[in-house]
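What follows is the residue order along each chain.
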Amino acid sequence: MATASTTQERAAELNVLSRKQRSLWGDALYRLMRNKAAVGGLIVIASAFLVAIFAPVLAPYDPIAIPLNPSTQMEPLWTGSKYTDPRYLLGTDFLGRDIISRLIFASRISMVVGFIPTFIVFGLGVSIGMSAGFFGGWLDQLLMRFTDIIYAFPDFLFLLIIVASFRASGFGKVLDGLMLIFVAIAIVGWVGVARLTRGQVLALKEREFVEAARSVGATSGRIMAKHLLPNALAPLIVTAAFAVPSAILGEATLSFLGVGIIPPTPSWGQMINEGFPLFSSNPWAVLMPAICISVVMLAFTFVGDGLRDALDPRMKT
Amino acid sequence: MADLLEVTDLHTQFFTRDGVVRAVDGVTFQVAAGETLGIVGESGCGKSVTALSLMRLIPQPPGKIVKGSIMFDGQDILKMDDDDVRGIRGNNIAMIFQDPMTSLNPVLTISRQISEALELHMKMDKSEARKRTIELLELVNIPSAKKRVDDYPHQFSGGMRQRVMIAMALSCNPKLILADEPTTALDVTIQAQILDLLKNLAREFRTAFILITHDLGVVAGMTQRINVMYAGRIVEKADTVELFANPKMPYTWGLLRSIPRLDESRKAKLVPIEGLPPDLIAPPPGCKFEPRCQYRHDVCHEKEPDLKHIPNSKPDHEARCWGTQEGGWLVDTDWRREIGDTRVIEEIKQETASVTATPETPGE
Amino acid sequence: MIPTLFFVSLITFGLAKAAPGSPFDKNPDKPARQATIDRWNAYYGLDKPVHEQYIQYMGNVLRFDFGTSVRRNRPVSEIIASGFPITAQLGMQALILALAVALPLGVISALRQNTMVDYGSLFFATVGTTIPSFVMAIFFIYIFGLGLKLFPITGWGTPQHMVMPTVILALGAAAFLARITRASMLEAIRQDYVRTARSKGLREQVVIVGHVLKNAMIPVATVVGPAAAGLITGSFIIETFFSVPGIGREYVTSILALDYPVIMATTLLYAFFIIVANLSVDLVYGMLDPRIKVAK
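Residues numbered from 1 in each chain as written. Chains lettered and ligands numbered in written order. Predicted model: local features only at pLDDT ≥ 70, side-chain atom pairs only at ≥ 80, totals over all residues.

## Concerning the overall build of chain B
Here is the rule we go by: Put simply, DSSP marks the helices as runs of H or I at least four residues long and the strands as runs of E at least two long, and each gets a number from the N terminus on. With C-beta atoms placed from the backbone, the exposure class of a residue follows from how many other C-beta atoms lie within 10 Å of its own: 20 or more, buried; 12 or fewer, exposed; in between, partly exposed. Contacts are defined on C-beta atoms placed from the backbone: any two residues whose C-beta positions lie within 7 Å are in contact.
Summing up its helical and strand segments, chain B has 14 helices and 12 strands in all. Counting every position in chain B, which comprises 364 residues, the buried fraction comes to 47%. Contacts in chain B between residues far apart in sequence, at least 24 positions, make up 66% of those at least 6 positions apart.

Given below as structure tokens:
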């Protein structure tokens, strides 16, 4: 004859066995890996990273030095035009430099510009946003006024103003203009992240687990780091995933307008800027970097979308 | 006379990435004209899906009515083409949904939302429909109906919104109304009002009702017959009075026992039914309630019992339990002794007595 | 709004002034003599202390005097008056085109989820929002301009000139709007009131048009304002690319040349539009959503 306790055990048994248990992050990772576009994107990004790291090894020629007897404006070999040089697979630019080598070295700029400012933006934005949301008061008010003002500027134009203003200065010449671009992107970007974090913190700080942590004596710092941050993480990760391509795009556009990376250092935007006047005679000098930008941007977008879907709790199957 | 509604061996399933959910797994019942049937069960037992299946409102992927027949007024709804089904919806069969806040369109006036059905099924023009809409609102006791007819849903309170839903359901004089948890989202005091309203309407218009709820208290005062559902099947069928007086299924005992009582001593603990409902994708073999049943024997685990008439009860009382069926070990069990204090059950019995009078069936 | 504009002007002014170099010394081959630069500075009032310059400038602004362009020696108001209508026209054309494409696309792709149309529109939305406009422009020019020789590449004036810039500018906005429309439709279709509408026996078409669309279009309508502002303030790349004589192109050249009056005026103009667009969101919500309407 069955007894109550055995019933309980049996019921518990049957329920535990019926579904595979997964932790929140494990579940998200699983869903991300099932998204083919996102996985494809990750592969492309990883490849871009490798190309950037191993650039000196991979590039057949020096990207900066102008060869002694330059064959300028050569077209890629596969176009079959009479302006090709068998030494240069994708042709040369207006100064005779090999396009492939330039493309490979330019990937370094893009990778660096994508990730480093994003770290700065998030480090700054998250700490300030979290403090503002958590402590409230004048810090919060100040932050809100600030964000209102920055939001009134069209993002890119603000970037442009900063970069254009300072590129003639000594600071603007550091790292061929890269440092200035980092700083400009960081200045423009941290505000949005701070606002997002603040919003998250405001929503979370009223929840019971914060009260519970406080009641056992956790300090504010600890609450912010160990309780609020992990819960606010999901939308932050997605925003970061989209901030990287946004930074890459910012640099490319600046370089295209002529105020980005200082030549002769190659960047994809820079290559477009240089090749553009002669577009009709050698379109591929412009098309190749354009394709590189497109591919990398698409890769990041797929990964970002995949992350967003994977981390969205509403879509739990 | 043939029943208004005859559902035979209905199977509705949902095809998901994790497997096939057998939400309604072989359900058979009838509703006579003018009768109120209660369908009672926990969340997830299939009662709402049954109602939606009756109107073929199951979203086609991922759901599908895979088997069975639904005879309404002599025609099989499952065999009709789409246009005919639409002709029935809102017209011969209407539905009242659980949450009036989300079930009404927030950007349309309630006048528009009620007139829609009138214009469609009763072929009224705009002014006729509007007049009739105001009449309907007055019928469900909405004050200042003429002024409020052009208001939006958010301008009404919860109870008022549910009255609007009821007015909408009644608008084309349906023969059958499906009420899916009509009072669950409302305050208790409003609940009583709405239930009273439904009872009076049922009596006045001789509309058949299927009242779906998880609350035994609600069905007690409203229905003539009750089906208890569990895991997609009916596990007990009886007249309301009979069910409360003489329940014959351990699940029903569990439900009755778990009703919290105001008159209980503070020390008395709530007595829930242990465990959780079964997984509808891979249900246990044998009786679906067996893992949680404290009266189980080995046979319960091996084979699923059929829904059969049981000894020591009224003739149309059926239960799906090896223990209470002919030759079972629970046939002579006095369930009252099992569940303890029966005062509240006595009160319920008194209430049900007031609903015993079956409404006259029209045309007889 | 006013305080925000004030700070915008302050920051822009500060940045422009902090920049090294002088607007009068732009030709590296022929560096100007210091005396010449000093004379120009005095003429434009650039030798006064910075805060004085700012106050003087703001005072003028309140009288709608935006000063004179240093680079072109024309009143700034004139420059804006000649360039802005072109930018506005380009922006409005792009907006109309974007809406005409995005709305039907978003609605259809939501109704026919997981079909070719849906995947196609998702692809379009992704590509349109990801690939930067000048890159798109490059591909377009290569295919249509050089290859098929259908449209002129630069300039403005005839309808043919307008096609490429408008199309490419519209692309980004269309992709964004299509995405929002689709998401909004999907959200609306899942709501309970759709089930109620069906339970009344309404035909699917009536349900979609009469019940779903009305709800789904509200978020989309609120976004049109910011989209328009985005198009107007973001057209500078296209204008630079296609040599369209709009205010955007003027803005870029003046930033590069450190032409303060033009930079200030255009920045204020752009900021004004963006702020107005953001305010319009709440307004449109109030107009369309009865839940908010009545509360007013």
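Let's pick the thread back up.
## A closer look at the overall build of chain C
In terms of regular secondary structure, chain C is built from 13 helices and 0 strands. Here chain C holds 296 residues, and the buried ones make up 42% of them. A fraction of 74% describes how many contacts in chain C between residues 6 or more apart in sequence connect residues 24 or more apart.

## Quick word on the sheet that holds strand S10 (residues 233–239) of chain B
Backbone-to-backbone hydrogen bonds pair the strands of a sheet. The strands run either parallel or antiparallel. All names here are of chain B. Put simply, the rule reads: Only when DSSP finds a minimum of two bridges between them are two strands counted as paired.
Strand order in the open sheet formed by 8 strands is S6-S7-S8-S3-S9-S10-S12-S11, with mixed pairing between adjacent strands. Each of the sheet's edge strands pairs with one partner strand only, and the pair in question is strand S6 (93–96) and strand S11 (308–309). Across 5 bridges, strand S7 (residues 176–180) lies against strand S8 (residues 208–213) in parallel orientation. Bridging from a neighbouring strand, Leu 176 pairs with Ala 208 of S8.

## Section: the interface of chain C and chain A
Here is the rule: Asp, Glu, Lys and Arg are counted as charged, while Ala, Val, Leu, Ile, Met, Phe, Trp, Tyr, Cys and Pro are counted as nonpolar; the rest, among them Gly, fall into the polar class.
Contacts between the two partners involve 31 residues from chain C, matched on the other side by 30 residues from chain A. Where the side of chain C that touches chain A is concerned, the elements lending two or more residues are helix H1 (2–18), helix H5 (116–130), helix H6 (133–147), helix H9 (204–234), helix H10 (236–242), helix H11 (247–257) and helix H12 (260–288) of chain C. No other element matches the 7 residues that H1 of chain C contributes to the side of chain C that touches chain A. Among the residues making up the side of chain C that touches chain A, the classes are represented as 23 nonpolar, 8 polar and no charged.

## Focus on helix H5 (residues 99–135) of chain A
Under the convention used in this document: The span expected for a helix works out to 1.5 Å for each residue beyond the first.
With 37 residues, H5 of chain A ought to run about 54 Å at 1.5 Å a step, and its terminal C-alpha atoms sit 53 Å apart, in line with that. The positive-phi residue at the C-terminal boundary of H5 of chain A is Gly 136 of chain A, with phi of around 65°.

## Topic: the pairing of S7 of chain B
When a strand is regular, its side chains alternate between the sheet's two faces. Residues and elements named next belong to chain B. Rule in force here: Seen with its strands pointing away from the viewer, a crossover is right-handed when the path leading from the first strand over the helix to the second is clockwise.
Taken across its 5 residues, S7 has 5 buried, putting it largely inside the fold. Where burial is concerned, the two faces of S7 agree: the one with Leu 176, Leu 178 and Asp 180 and the one with Ile 177 and Ala 179 are both buried. Taken together, the 4 bridges between S6 and S7 define a ladder with parallel strand orientation. Bridge pairing in S7 links Ile 93 to Leu 176. For the handedness criterion, the β-α-β arrangement of S7, helix H8 (residues 188–205) and S8 is classed as right-handed.

## Concerning the confidence of the model for chain C
Residues and elements named next belong to chain C. Our working rule: The pLDDT value tells you how sure the predictor is about a given residue, anywhere from 0 up to 100.
In this model, chain C carries an average pLDDT of 81, and 86% of its residues clear a pLDDT of 70 or more. When pLDDT is averaged over each element of chain C, helix H8 (residues 192–199) comes out on top at 92 and helix H2 (residues 34–44) at the bottom at 69. We note a pTM of 0.79 for the whole complex and an ipTM of 0.82 for its interfaces.

## Remarks on the domain arrangement of chain B
Often, the extent of an interface is quoted as the loss of accessible area upon association of its parts. Residue and element names in this part refer to chain B. Note the threshold: Here the bounds of each domain stem from an automatic or database domain assignment.
For chain B, the assigned domains read domain 1 (3–230) and domain 2 (246–273 + 284–352). Contact with domain 1, which involves 5 residues of that partner, is made by 11 residues of domain 2. When residues of the side of domain 1 that touches domain 2 are traced back to their parent elements, those giving at least two are helix H9 (216–220) and strand S9 (225–230). For the side of domain 1 that touches domain 2, a count of residues per class yields 4 nonpolar, 1 polar and no charged.

## Observations regarding the sheet that holds strand S2 (residues 19–31) of chain B
Residues and elements named next belong to chain B. Keep this limit in mind: Every axis corresponds to a line fitted to the C-alpha atoms, with the helix fit spanning only the stretch in contact, and the corresponding angles, defined between N-to-C directions, vary from 0 to 180 degrees.
Ordered in space as S2-S1-S4-S5, the 4 strands form an open sheet in which the pairing is antiparallel. Looking at strand neighbours, the two that pair on one side only are S2 and strand S5 (75–76), the edges of this open sheet. Sheet topology note: the strand S4 (residues 63–72)/S5 ladder contains 2 bridges and is antiparallel. Among the inter-strand pairings, Phe 72 is bridged to a residue of S5, identified as Gln 75. Across the sheet, helix H1 (residues 47–54) touches strand S1 (5–16), S2 and S4, and the angle it forms with S2 is around 70°.

## Overview of the pairing of S9 of chain B
Residues and elements named next belong to chain B. Most of S9 is tucked away: 6 of the 6 residues are buried. Every second residue of S9 is oriented toward a common face, with Arg 225, Asn 227 and Met 229 on one face and Ile 226, Val 228 and Tyr 230 on the other, all of them buried. Across 4 bridges, the pairing between strand S3 (residues 36–40) and S9 is parallel. Bridge assignment links Leu 37 to a residue of S9, and that residue is Arg 225. Where S9 and S10 come together, 6 bridges link them in antiparallel fashion. Looking at S10, one finds that Arg 225 is bridged to Asp 239. Two successive antiparallel strands, S9 and S10, enclose a turn made up of 2 residues, where Ala 231 displays a positive phi of approximately 50°.

## Observations concerning the nonpolar core
Rules: The term nonpolar core refers to a group of buried residues, namely Ala, Val, Leu, Ile, Met, Phe, Trp, Tyr and Cys, whose C-beta atoms join them within 7 Å.
The biggest cluster of nonpolar side chains holds 142 residues, and the ones touching the most others in it are Val 163 of chain A together with Ala 174 of chain C. Take this core: its biggest share by element is 17 residues, from helix H12 (residues 284–311) of chain A. What Val 163 of chain A contacts, discounting residues up to four positions off in sequence, is Leu 180, Ile 181, Ala 184, Leu 254 and Val 259 of chain A. Grouped together as the second largest cluster of nonpolar side chains are 100 residues, Phe 72, Ala 202, Met 222 and Cys 293 of chain B included.

## A short note on the packing of H9 of chain C against H12 of chain C
Residues and elements named next belong to chain C. The line we're drawing: Throughout this description, any angle smaller than 35 degrees is read as roughly parallel, any larger than 145 degrees as roughly antiparallel, any in the 65 to 115 degree range as roughly perpendicular, and the remainder as oblique.
Taken N-terminus to C-terminus, the directions of H9 and H12 make an angle of 170°; their axes are 8 Å apart at the nearest point. The angle between the axes of H9 and H12 places the two elements in the roughly antiparallel class. Of H12, the residues touching H9 (which contributes Ile 218, Ala 221, Thr 222, Gly 225, Pro 226, Ala 228, Ala 229, Ile 232 and Thr 233) are Tyr 270, Phe 273, Ile 274, Ala 277, Asn 278, Ser 280, Val 281, Val 284, Tyr 285 and Leu 288.

## A closer look at the environment of Val 303 of chain A
Residue and element names in this part refer to chain A. Take Val 303: it is sitting in helix H12. A residue is classified by how many C-beta atoms lie within 10 Å of it, and Val 303, with 25 of them, is buried. Taking the C-alpha atoms as reference points, Val 303 and Gly 41, separated by 262 residues in sequence, lie 5.6 Å from one another.

## Thoughts on helix H7 (residues 159–189) of chain C
Rule in force here: To obtain the bend at a residue, axes are fitted to the seven residues ending there and to the seven starting there, and the angle between these axes is taken.
The principal kink in H7 of chain C, of about 30°, is found at Leu 171 of chain C. Among the 31 residues that make up H7 of chain C, 22 are buried, leaving the element largely enclosed by the rest of the structure.

## Thoughts on unusual backbone geometry
Following Pro 263 of chain A, the chain continues into Pro 264 of chain A via a peptide bond in cis, with omega recorded as 10°. With respect to the secondary-structure elements, Pro 264 of chain A resides in the loop between helix H10 (220–257) and helix H11 (268–275). With a phi angle near 55°, Arg 56 of chain B is a residue other than glycine that sits in the positive phi range. The class for Arg 56 of chain B is partly exposed, based on 18 C-beta atoms found within 10 Å.

## Details of the environment of Ser 115 of chain B
Residue and element names in this part refer to chain B. Along the chain, the position of Ser 115 falls in helix H4 (residues 110–121). We classify Ser 115 as buried; it has 25 C-beta atoms within 10 Å. A sequence separation of 18 residues divides Ser 115 from Thr 133, and the C-alpha atoms of the two residues are 6.4 Å apart. Setting aside anything within four residues of it in sequence, one finds Ser 115 in contact with Ala 129, Arg 130 and Thr 133.

## Here's the deal with the packing of H5 of chain A against H10 of chain A
All names here are of chain A. Counted only if it meets this: Take the far helix as the reference: if the near one is turned anticlockwise from it by less than a right angle, the crossing is left-handed, and if turned clockwise, right-handed.
Where H5 contacts H10, the axes come no closer than 8 Å and their chain directions differ by 145°. Regarding H5 and H10, the two cross each other, and that crossing is right-handed. Here Ile 109, Ser 110, Val 113, Gly 114, Phe 115, Pro 117, Thr 118, Val 121, Phe 122, Val 126, Met 130 and Phe 134 of H5 come into contact with H10, specifically with Ser 220, Met 224, Leu 228, Leu 236, Ala 240, Ala 243, Val 244, Pro 245, Ala 247, Ile 248 and Glu 251. Of the residues in the contact of H5 with H10, the class split is 18 nonpolar, 4 polar and 1 charged.

## Points about the environment of Gly 304 of chain A
Residues and elements named next belong to chain A. Mapped onto the elements of the fold, Gly 304 is located in helix H12. Placed 62 residues apart in sequence, Gly 304 and Phe 242 show a C-alpha to C-alpha distance of 5.9 Å. Not counting residues up to four positions away in its chain, the partners in contact with Gly 304 are Val 238, Ala 241 and Phe 242.

## Points about the confidence of the model for chain B
Parts of the model with low pLDDT should not have their predicted coordinates read in detail. Residues and elements named next belong to chain B. Put simply, chain B has an average pLDDT of 85, and 89% of its residues get 70 or more. Of all secondary-structure elements in chain B, the lowest mean pLDDT belongs to helix H14 (residues 343–353), at 64, while S6 reaches the highest, 94. Here residues 357–364 scores under 50 on pLDDT; set against residues more than four positions off or in separate chains, the count is 13 contacts.

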